[in-house]
Amino acid sequence: MNKWAYSLLVVAVGWLAYRYRYRMADWALRIPSLRKQLIRFALNIPAVRGALVWQMLRP
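One structure accompanies this document, and this report is about it. Remember, it's a predicted structure, so these values are computed and weren't measured experimentally. (Residues numbered from 1 in each chain as written. Predicted model: local features only at pLDDT ≥ 70, side-chain atom pairs only at ≥ 80, totals over all residues. Heavy atoms only, no water.)

### Structural notes on the overall build of the protein chain
Worth spelling out the cut-off: The way it works is that DSSP assigns letters per residue, a run of H or I at least four long becomes a helix, a run of E at least two long becomes a strand, and they are numbered from the N terminus. For the radius of gyration, the atoms used are the C-alpha atoms, and the globule rule reads 2.2 Å times the number of residues raised to 0.38. Exposed residues in this analysis have more than 50% of their type's maximum accessible area, buried residues have under 20%, and partly exposed residues fall in between, with area computed by a 1.4 Å probe over protein chains only. In these tables, accessible area is a Shrake-Rupley quantity obtained with a 1.4 Å probe, and a residue counts as shielded only by the protein chains included in the view.
A tally of helices and strands in the protein chain yields four helices and zero strands. The secondary structure elements of the protein chain, listed N-terminal to C-terminal, are α-α-α-α. Computed over C-alpha atoms, the radius of gyration of the protein chain comes to 17 Å, more than 25% over the 10 Å expected from 2.2 N^0.38 for 59 residues, which places it beyond the range of a compact globule. Looking at the protein chain as a whole, 2% of its 59 residues are labelled buried. Carbon and sulfur atoms make up 69% of the accessible area of the protein chain, which amounts to about 5,800 Å² in all.

### Remarks on the packing of aromatic side chains
When we look at a pair of aromatic rings, we describe it by the centre distance and by the angle of the planes. This is how it is decided: In this scheme Phe, Tyr and Trp rings, the latter by its six-membered ring, pair at centre separations within 6.5 Å, and the angle between planes marks the pair as stacked below 30 degrees, edge-to-face above 60, and tilted otherwise. By definition here, charges over rings are those cases where NZ of Lys or CZ of Arg is within 6 Å of the ring centre and within 35 degrees of the ring normal.
With the rule as written, the count across this model stands at zero aromatic pairs. Its end group placed over the ring of Y18, R21 keeps NZ or CZ at 4.1 Å from the ring centre.

### Observations concerning the packing of helix α2 (residues 21-29) against helix α3 (residues 32-43)
What counts is decided by this rule: Comment: axis = line fitted to C-alpha atoms, over the contacting stretch for helices; angle = value between 0 and 180 degrees taken between N-to-C directions. Every angle not falling under 35 degrees, over 145, or within 65 to 115 is termed oblique; those three ranges are roughly parallel, roughly antiparallel and roughly perpendicular. Pairs of residues are marked as contacts when any of their non-hydrogen atoms sit within 4.5 Å. The classification used treats Ala, Val, Leu, Ile, Met, Phe, Trp, Tyr, Cys and Pro as nonpolar, Asp, Glu, Lys and Arg as charged, and all other residues, Gly among them, as polar.
At a minimum axis distance of 7 Å, the contact between α2 and α3 shows a crossing angle of 110 degrees. In terms of orientation, α2 and α3 fall into the roughly perpendicular class. The residues of α3 that touch α2, namely those facing W27, A28 and L29, are L34, R35 and L38. Of the residues assigned to the contact of α2 with α3, the class counts are five nonpolar, no polar and one charged.

Here it is in structure tokens:
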């Protein structure tokens, strides 16, 4: 029974996170130190970094 309740909780939290993902992102990006860490994390992903560099340097 405990695993069932935990699974249900995980699904509910996942659904809420998906539904309110833009509000949570907006909230997270309002905090300067958290914004700095999120940008550093995103730029460590090669596909994200490549897309941003391509956007900045395209003719």
